[in-house]
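Residue-level structure breakdown
Read off the chains here:
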Amino acid sequence: MSLAPASDRTGRPSVPADARRRARRRAQWRRRLTVLAFMSPWLVGFTAFFAYPLVSTVYLSFTHYDLLSPSRWIGLANYRYLFSQDKQIWPAVYNTLWLVAILVPLKVMFAFGVALMLTRARRGIGFFRTVFYLPALAPPVAATLGFVYLLNPATGPVNGALGLIGIEGPLWFNDPGWSKPALTLLLLWGVGNTMIIFLAALIDVPKHLYESAELDGAGAWRRLRWVTLPSISPVILFSVVIGTIEALQLFTQAFVASTIAAGSASSAGDPANDLGYPEDSTLFYPVLLFQQGFRFFNMGYAAAMAVLLFVVSFAITLVIVRNSRRWVHYAGGGT
Amino acid sequence: MRRIAMAMAAALLLAFGVGACGGTGDDDTADKAAGAPAPKPGRLEPADLTLWVGFSAPRELRVFKGAVKEFEQLNPGINVKVVGGISDDKLIAASRGGKAPDVAQSFSADNAGAFCGSGAWIDLEPYLERDGISDDIFPPAPRSYTQFKGTRCALPMLADTYGLYYNQDMLEKAGLDGPPKTVSELTEYAKKLTVKNPDGSLEVVGFNPSMNWYSNTPANFGPMFGGKWVDESGKSTLGSDPAWAKLLTWQKDLIDWYGYDKLVKFQAGLGDEYSTSNAFEKGKLALHVDGEWRTAFIADEAPDLDYGTAPVPVDEDNSDLYGGGYTTGNIAGIPKRAGHKEQAWALLKFLTTDDRAMVMLSNGLRNVPTTASSAKSPDLKPDPKFDTFVKIFENEHTTTTPITAAGSAYQELFNGFVNKWQAGRVSDLEGGLADIDKQIDAQLANVEGGQDVP
């Protein structure tokens, strides 16, 4: 058989091999460009709003940057200050970890508990779902103002009601021991989003699993422990991860509550000088970061703080996800 | 897939390159050239200027527009647009990019360090020199809070001065004659004027010494004991100047007399400082340290309140300090990105150094006029209660807070400490103050350039 190029079956002379390759490459390029064109909205968004800020933040963390003049490279000085000299960092880290340790489990349990009750309700399900979801729609600033008013130690209705039954209510947002619990109450109140996800997951648990468990003699607790929890474990994992990230980033509620409760909310335009009130108990990591970056003209240092927050968030999430392999069960047999 | 990954890596590198430029993208050489003004023009070229002010209430903006109108009449062809409600965040953003105003006013003298130190506002010294204006026309305090490390980038535009407000009715009922002049008298008055409810809670507080509530701040109380913030080298002296420990000890003793928890509860039950439910206006406080603007608020919100004003009482050991107080104020300057610098300077000069403009603004806004001559102007609306503050402003013992590159960071670190102290959670006052000094110095060193502090 001849190895020379021969005419193909149509009788036309065949295209040389390199021309064919070129055509294929062109077609490939076109395909890639089409893919890129379709991906471009995401690519542009990702680059402009995620990759660029992230890389820029890492860079700025090694600089002195006062927001007003060009940044100047100072090496590790910001990190040295962060780890060895800034005494406000540790209260801020403590407060934020407190939230992660206390708020996240409470939030998951509360959302799960409410969702569980809602699946049991026989009448007015739509009404109760709406009622429990509604707080999630309240704007955070308005909700915080509302709670500061409700929990006002002198004029608030909560302490008023406690007084009626002979209990002297705490100072809530004005007491360093109670300010974080008060914020926790506020955040638990707005747990609607997590609750809705739990509700959807609970409704999704296959009925036949309960039936067979019941036939095997499993009581309510065993059904919950061995059927419900494993079935909704991916949702628990999701809410733990999201809740942790939210707790690490808590800002608005702490900012508003401390400023208002301190009683020096100023209309004269000077920056709020009561962040963390009372006694640094609401000085969460992002609040300190904001203060350094935007109030103290120390954006390079704020960037270093942001990098640390990113690394810690990433590490905590990684630990949770790694750990979850032991207890999360995905439908379809995966673990 | 690999190519996409490479494209993304390229995008990241590009982003890094842009980030590495430092985020401002300003041209330094152009800024320096802008610092040197041309010879004084005979007549200003027509231009449309923008003036950004922090004032936001319609009444306040009307006052500004009135003064600006005068300027426009004196300088035909120049139109000024006054934009109110501008915060420092907006000023900072405008300094970095976008459209900057020709003249900017900020409420926070604390931020003069950032504006002057970074060159975000231009150096006004060459303009002042060219036009033969000495900064001696301003008293020492406003002269100090409008410059940073030798760069004068701002001029004072009305000041806030703090003094003692006293409820005349309550004083008379308690048989007290005139306002307290010393700290011991203040303590005595405070106790006498306090009214407790049957359950022990506080109904009326004679004088609330709690810091960081309403206008009670270490800055406002410092002049009562002559507390100095920094030494000549700029190092924090909260621990080494005994005045601060004395102030805090006195303040804590009085708090303990009321009971800290009772005082906190009392405060929580009061209305917002800048509302018609202000505690002094409502008769919940007999004596209170506040700024001169309160006279206008009282005239508007509580016209029947019988009250008087006086300088803050001073420590017996420093009785010569009586008559002085704390002052800070609005600052105004020309952002380096301003389009019409010559015309902007003319407007700034008019609003901050022309007696007529100063008096007009002071009469309308009821803030203290900032030039020594306008403070004596016969056109200043006569009001003895307000005059107290003009006198405090002119007093040689009146002080202000230092200007640093980190804004009010040092005050906020101190505030944090004072909050713990007054709640009774600091056992070693001297040690605590020395520690705060260290923190403030380290913080400042970090902000000023990231150098390490031993």
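These figures come from a predicted structure and were not determined experimentally. (Residues numbered from 1 in each chain as written. Chains lettered and ligands numbered in written order. Predicted model: local features only at pLDDT ≥ 70, side-chain atom pairs only at ≥ 80, totals over all residues.)

**Here's the deal with the overall build of chain A**
- For chain A, the helix and strand inventory stands at 13 helices and 2 strands.
- By the compact-globule yardstick of 20 Å for 335 residues, chain A is too spread out, its C-alpha radius of gyration being 28 Å.
- Referenced to the eigenvectors of the C-alpha coordinate spread, the extents of chain A come out at roughly 105 × 70 × 35 Å. (Helix = DSSP H or I, 4+ residues; strand = E, 2+ residues; numbered from the N terminus. Rg over C-alpha atoms; globule rule 2.2 N^0.38 Å.)

**Quick look at the overall build of chain B**
- What chain B contains, in helices and strands, is 19 helices and 11 strands.
- In terms of overall dimensions, chain B is globule-like: its C-alpha atoms have a radius of gyration of 24 Å, near the 22 Å expected for 454 residues.
- Dimensions of chain B, computed from C-alpha atoms along their principal axes, come out at roughly 75 × 65 × 45 Å.
- Here chain B holds 454 residues, and 51% of them are scored as buried.
- Considering only contacts within chain B whose residues lie at least 6 apart along the sequence, 75% involve residues at least 24 apart. (Buried ≥ 20, exposed ≤ 12 C-beta atoms within 10 Å, placed from the backbone. Contact = placed C-beta atoms within 7 Å.)

**Describing the packing of helix α3 (residues 58-74) of chain B against helix α15 (residues 355-365) of chain B**
Residues and elements named next belong to chain B.
- Interaxial distance between α3 and α15 falls to 9 Å at its minimum, and their mutual angle equals 165°. In terms of orientation, α3 lies roughly antiparallel with respect to α15. Remark: the crossing between α3 and α15 carries right-handed chirality. Across the interface between the two elements, Glu60, Val63, Gly66, Ala67 and Glu70 of α3 pack against Arg356, Ala357, Met360, Leu361, Gly364 and Leu365 of α15.
- Taken together, the residues that form the contact of α3 with α15 break down as 6 nonpolar, 2 polar and 3 charged. (Axes fitted to C-alpha atoms, helices over the stretch in contact; angles between N-to-C directions. Parallel < 35°, antiparallel > 145°, perpendicular 65-115°, else oblique. Left-handed = near helix turned anticlockwise from the far one by under 90°. Nonpolar A, V, L, I, M, F, W, Y, C, P; charged D, E, K, R; others polar.)

**Observations concerning the domain arrangement of chain B**
All names here are of chain B.
- When its domains are assigned, chain B resolves into domain 1 (38-160 + 327-394) and domain 2 (161-326 + 403-447).
- Using C-alpha coordinates to define each centre, domain 1 is positioned 30 Å away from domain 2.
- Counting residues at the interface gives 21 residues for domain 1 and 20 residues for domain 2.
- Contributing elements (two or more residues each) for the side of domain 1 that touches domain 2: α5 (112-118), β6 (154-167) and α17 (384-394).
- No other element matches α17, which puts 6 residues into the side of domain 1 that touches domain 2.
- For the side of domain 1 that touches domain 2, the per-class residue count stands at 10 nonpolar, 6 polar and 5 charged. (Domains from an automatic or database assignment.)

**Describing helix α14 (residues 341-353) of chain B**
- Along its 13 residues, α14 of chain B runs 17 Å from first to last C-alpha, staying within 8% of the 18 Å computed at 1.5 Å per residue.
- Residues of α14 of chain B that are buried: Gln343, Ala344, Trp345, Ala346, Leu347, Leu348, Leu351, Thr352 and Thr353 of chain B. (Expected span 1.5 Å × (residues − 1).)

**Digging into unusual backbone geometry**
- For the bond running from Tyr277 of chain A to Pro278 of chain A, omega is -5°, close enough to zero to count as cis.
- Mapped onto the elements of the fold, Pro278 of chain A is located in the loop between α11 (252-262) and α12 (285-295).
- Phi is positive for Asn212 of chain B, which is not a glycine, with a value near 60°.
- The class of Asn212 of chain B is buried, set by 22 C-beta atoms lying within 10 Å.
- Here Tyr214 of chain B, not a glycine, exhibits a phi torsion of approximately 45°, which is positive.

**Quick word on the environment of Pro378 of chain B**
All names here are of chain B.
- Tracing the chain through its elements places Pro378 in the loop between α16 (372-375) and α17.
- Judged by the 6 C-beta atoms lying within 10 Å of it, Pro378 falls in the exposed class.
- For the pair Pro378 and Val359, spaced 19 residues apart in sequence, the C-alpha separation works out to 9.3 Å.

**Let's talk about the environment of Val108 of chain A**
Residues and elements named next belong to chain A.
- Looking at where Val108 falls in the secondary structure, it is placed in helix α3 (residues 89-120).
- Assessed through the 21 C-beta atoms surrounding it within 10 Å, Val108 is described here as buried.
- For Val108 and Thr194, which are 86 residues apart along the polypeptide, the C-alpha to C-alpha distance reads 7.6 Å.
- Contact partners of Val108, with chain neighbours within four places excluded, come to Ile236, Ser239, Val240 and Gly243.

**Considering the pairing of strand β1 (residues 47-52) of chain B**
All names here are of chain B.
- Pairing of β1 with strand β2 (residues 78-83) involves 6 bridges; the strand directions are parallel. Each bridged residue has a counterpart across the sheet, and for Leu49 the counterpart in β2 is Val80.
- Note on the crossover from β1 through α3 to β2: the handedness is right-handed.
- Here 2 bridges tie β1 to strand β3 (residues 103-106), and the two strands are oriented parallel to one another. Paired with Leu51 across the bridge in β3 is Val103. (Pairing = 2+ DSSP bridges. Right-handed = clockwise from strand over helix to strand, strands pointing away.)

**Side note on the packing of α3 of chain A against helix α7 (residues 179-189) of chain A**
Residues and elements named next belong to chain A.
- At a minimum axis distance of 10 Å, the contact between α3 and α7 shows a crossing angle of 35°. In the packing of α3 onto α7, the handedness of the crossing is right-handed. Between α3 and α7, the contacting residues are Asn95, Trp98, Ile102, Leu103, Leu106, Lys107 and Phe110 on the first element and Lys180, Thr184, Leu187 and Leu188 on the second.
- Per-class residue counts for the contact of α3 with α7 are 7 nonpolar, 2 polar and 2 charged.

**Some remarks on the environment of Pro91 of chain A**
All names here are of chain A.
- Here Pro91 lies in helix α3.
- The exposure class of Pro91 is partly exposed, given the 18 C-beta atoms found within 10 Å.
- Separated by 194 residues in sequence, Pro91 and Tyr285 have C-alpha atoms that sit 8.5 Å apart.
- Every residue in contact with Pro91, bar those within four places of it in the chain, is listed here: Asp280 and Leu283.

**Here's the deal with the confidence of the model for chain A**
Residue and element names in this part refer to chain A.
- Per-residue confidence for chain A gives a mean pLDDT of 88; residues scoring 70 or more make up 91%.
- Of all helices and strands in chain A, the one with the weakest mean pLDDT is helix α4 (residues 125-133) (88), whereas α7 scores best (95).
- Residue range residues 1-7 is modelled with pLDDT below 50. Its contacts to residues more than four positions away, or to other chains, number 5 contacts.
- A low-confidence stretch, residues 265-269 stays under pLDDT 50, and its non-local contacts, those more than four residues away or across chains, total 10 contacts. (pLDDT = per-residue confidence, 0-100.)

**Structural notes on helix α8 (residues 192-204) of chain A**
- Spanning 13 residues, α8 of chain A covers 18 Å between terminal C-alpha atoms, matching the ideal 18 Å at 1.5 Å per step.
- If you follow the buried residues of α8 of chain A, they end up packed against α3, α4 and α10 (220-248) of chain A.

**Here's the deal with the confidence of the model for chain B**
- Mean pLDDT for chain B: 88, with 91% of residues reaching 70 or above.
- Scored below 50 in pLDDT, residues 1-34 of chain B makes 34 contacts in the model with residues more than four places away or belonging to other chains.

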